There are 2 protein chains.
Amino acid sequence: MANPIDFYFDFSSPYGYLASTRIEELAAKHGRTVVWHPHLLGAVFKVTGQQPLTTIPLKGSYTERDLARSARLLNVPFKLPTKFPVGATAASRAFYWLAKRDPALAKMLARALYHAYFAEDRDISSPEVTINVAARLGVDPAELGQALNDPAVREKLRVEVDAAIARGVFGSPYLIVDGEPFWGSDRLDQVEKWLETGGW
Amino acid sequence: MANPIDFYFDFSSPYGYLASTRIEELAAKHGRTVVWHPHLLGAVFKVTGQQPLTTIPLKGSYTERDLARSARLLNVPFKLPTKFPVGATAASRAFYWLAKRDPALAKMLARALYHAYFAEDRDISSPEVTINVAARLGVDPAELGQALNDPAVREKLRVEVDAAIARGVFGSPYLIVDGEPFWGSDRLDQVEKWLETGGW
C-alpha cells in the first residue's frame, strides 16, 4: 500500500485553495490517497518571522495578479476575499472534529469552506459561517457549534499546528510525498513527476 | 516586431540562475528576444522588508532542498555556494558596462558568472573573480578593472536598480512579457503559455 500524501494548508491561503482543487485527482491518478492537514499560518509566521503575502510592498500587488491569473489557468473561480487574510481557527476546528467521525465528509467540508471563502467571499473566520457551510453538507449546526468550543477540539488543532511546525511546514500549501516536501501550488507539477518516477 | 521579454535577476539568486538557463531558448521558440536586467535584491529588500530565502527559519532548509531538486530536474549543475548570498555589484557593473559595447557578449558573461557562482562555487562578489571570468571570454582585464570603479558605470547600475524597483520588481527572477509580470523560475511554464496564447 503506497503512502498517503500529506497535504498541509491554511483555510485562509489562496494558493492552498488552488492546490485543494487539484490534489485529490492528481493523487488518485497515481494510486495515492491524501491526508488533509489544516494548519494556521499565523502560528507558523511567529516561528519564521514572515507575514501574509498581500501585505508585503510590491509583492502584494503582484500576488493578487498572480492568483487571479493562476486561478483562470486552472479554470477555478477566484476572488480575493474582502476580508483577507482571516484566522482560520473555526474552520480548522470544524474540519478536525468532523474528520474523526467521517474523514470523507471532512474533506468535502474543507472544499466547501475554501469555495465559500475564495469563490463566494464569505468570511469563514466567523463560526456562524463555518457552521452554515457545514449545515449545507448535513452537519448538525448545534453539535458543530458545541464542538467549536470544546476544549478537546481546541487542543486537537493546537497539537496539529505544533506537529506541522515540528515537521518543518512553513507555508500553504505544503505537501509531503514519501518524505519529500513540496511547497506551493506551483510545485504540484513536481509532485506529479515525483509520483510518476519515484523521485530524481 | 514582437516585444522583447524583460528578464530581471540578481547574480546572487539561485532561482535567477535556474531561469537563466532556460529563458533564451524559451523566448527564441516564440520569436522573442530577451533583455537581461541584473538588479540587486539587497536594494529591493530595503523596500519590501524581505530577507534572503535561506536565512528564514524552516523555509531556509526547504529552499536548499528545493533548489537542488529543481536543478536536477532541469539537468543543470548546482551547488549552493559556500559564501551565500553575496553582493553582486561587481558582476552587475561588469554586465552593464559590457552590454553597452556588445550585448550578446554581455549575456555570455552573465551566464558565465552564474555558472562560476552556482556550479563552480567561485565568489563572484570579488571584482577579481568577475574580471577573471570575463577574461576567459576575451574581455580585457585592465579595461574591465577600470570600468568597475568608473562613476558612470556605478551610476548606470544605480539607475537600473531604481528603475526595476519603480517597475515593481521585488524578486529574482522576475519577467515581464507584454506588460504581464511573472515572478519565479516556476512561472516559466506560465510565461511559455502566455507567449503561445497571448494571455488568458
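Data block above holds the structure.
As a convention, each chain's residues are numbered from 1 in the sequence order in which they are written. Key to labels: chains lettered from A, ligands numbered from 1, both in the order written. Restriction of local features to residues with pLDDT of at least 70 applies here, the model being predicted, together with a cutoff of 80 or more for giving and counting side-chain atom pairs; totals for whole chains, interfaces and linings are based on all residues. Remark: hydrogens and water are excluded; side-chain values derive from all non-hydrogen atoms of the structure.

Notes on the environment of Val169 of chain B
Residues and elements named next belong to chain B.
In step 1: Secondary structure elements are taken from DSSP: a helix is a run of H or I of four residues or more, a strand is a run of E of two residues or more, and numbering for both begins at the N terminus. Take Val169: it is sitting in the loop between helix H9 (151-166) and strand S3 (174-177).
In step 2: Since its relative accessible area comes to 0%, Val169 is described here as buried.
In step 3: For the pair formed by Val169 and Leu41, sequence separation is 128 residues and the distance between their alpha carbons is 9.5 Å. Each residue is placed in one exposure class: buried if its accessible area under a 1.4 Å probe, protein chains only, is under 20% of its type's maximum, exposed if it is over 50%, and partly exposed if it falls in between.

Regarding the sheet that holds strand S2 (residues 34-38) of chain A
All names here are of chain A.
In step 1: One open sheet holds the four strands; their spatial order is S2-S1-S3-S4, and the pairing between them is mixed. Each edge of the open sheet carries a strand with a single partner, namely S2 and strand S4 (180-183). For this sheet, the mean inter-axis angle between neighbouring strands, taken without regard to orientation, is 20°.
In step 2: Should DSSP find at least two bridges between two strands, the strands are taken to pair. Pairing analysis gives five bridges linking strand S1 (residues 5-9) to S2, with the strands arranged parallel. Looking across to S2, one finds that Tyr8 is bridged to His37.
In step 3: Along the sheet, helix H6 (residues 103-118) contacts S1 and S2; its crossing angle with S2, the most-contacted strand, is approximately 50°. Angular values range over 0 to 180 degrees, each being the angle between N-to-C directions of two axes fitted as lines to C-alpha atoms, with helices fitted over their stretch in contact. Should any heavy atoms of two residues lie within 4.5 Å, those residues are considered in contact.

Quick word on the interface of chain B and chain A
In step 1: Each side of the interface is counted separately: chain B has 33 residues, and chain A has 33 residues.
In step 2: The quantity reported as buried area is the accessible area (1.4 Å probe) lost by two parts once they are put together, taken as the sum for both. For the pairing of chain B and chain A, the buried interface totals around 3,100 Å² over both sides, and the portion due to carbon and sulfur atoms is 54%.
In step 3: Among the residues of chain B in contact with chain A, Leu58, Tyr62 and Arg69 of chain B are the three that bury the most area, contributing 20% of the side total.
In step 4: The salt bridge criterion pairs a side-chain nitrogen of Lys or Arg with a carboxyl oxygen of Asp or Glu, the two atoms within 4 Å. Put simply, chain B and chain A have eight salt bridges between them.
In step 5: One salt bridge connects Asp186 of chain B with Arg187 of chain A, and the closest N-O pair in it is separated by 2.9 Å.
In step 6: Under the rule applied, a polar contact is a pair of N or O atoms within 3.5 Å (in protein, one hydrogen donor and one hydrogen acceptor; residues adjacent in sequence only if both atoms are side-chain atoms). Applying the counting rule to chain B against chain A returns 22 residue pairs in polar contact (both at pLDDT 80 or more).
In step 7: At the level of elements, helix H3 (41-48), helix H4 (59-74), strand S4 (180-183) and helix H10 (188-197) of chain B are the ones that each hand at least two residues to the side of chain B that touches chain A.
In step 8: Looking at which element gives the most residues to the side of chain B that touches chain A, the answer is H4 of chain B, with eight residues.
In step 9: Nonpolar residues are Ala, Val, Leu, Ile, Met, Phe, Trp, Tyr, Cys and Pro. Charged residues are Asp, Glu, Lys and Arg, and all others, Gly as well, are polar. Across the side of chain B that touches chain A, the residue classes tally to 16 nonpolar, seven polar and ten charged.

A few points about the packing of aromatic side chains
Residue and element names in this part refer to chain A.
In step 1: Here a pair means two rings of Phe, Tyr or Trp (six-membered ring of Trp) with centres within 6.5 Å. Their orientation is stacked below 30 degrees between planes, edge-to-face above 60, and tilted elsewhere. For the coordinates displayed, the defined rule picks out 42 aromatic pairs over all chains.
In step 2: Plain terms: the ring middles of Phe7 and Phe9 are 4.9 Å apart, the flat faces sit at 25° to each other, and that makes the pair stacked. Accessibility assignment for this pair places Phe7 and Phe9 in one class, buried.
In step 3: Aromatic pair Tyr17 and Phe78: ring centres 6.4 Å apart, planes at 25°, arrangement stacked. Of the two residues, Tyr17 sits in helix H1 (residues 14-20) while Phe78 sits in the loop between helix H4 (59-74) and helix H5 (89-101), which places them 61 residues apart along the sequence.
In step 4: Ring pairs connect the aromatic residues Phe7, Phe9, Phe11, Tyr17, Trp36, Phe78, Phe84, Tyr114, Tyr117 and Phe118, which therefore count as one cluster.

Section: the packing of H5 of chain A against helix H9 (residues 151-166) of chain A
Residue and element names in this part refer to chain A.
In step 1: Contact geometry of H5 with H9 gives a least axis separation of 9 Å together with a crossing angle of 100°. With respect to H9, the axis of H5 lies roughly perpendicular. Facing H5, whose interface residues are Thr89, Ser92, Arg93, Tyr96 and Trp97, H9 presents Val153, Arg154, Lys156, Leu157 and Glu160.
In step 2: Residues that form the contact of H5 with H9 fall into these classes: four nonpolar, two polar and four charged. In this scheme, roughly parallel covers angles under 35 degrees and roughly antiparallel covers those over 145, while 65 to 115 is roughly perpendicular and the rest are oblique.

So, the relation of the copies chain B and chain A
In step 1: The copies were overlaid by least squares, fitting only the C-alpha atoms of residues that reach a pLDDT of 70 or more in each copy. The two copies are related by a screw motion: chain B maps onto chain A through a turn of 180° and a shift of 0.0 Å along the axis, at an RMSD of 0.0 Å. These values place the two chain copies in the arrangement generated by a two-fold rotation axis. Of every C-alpha in chain B, the one belonging to Asp186 of chain B sits nearest the axis of rotation, 3.3 Å from it.
In step 2: When the interface residues of chain B are mapped onto chain A, 100% of them again fall at the interface, so both copies present the same face.

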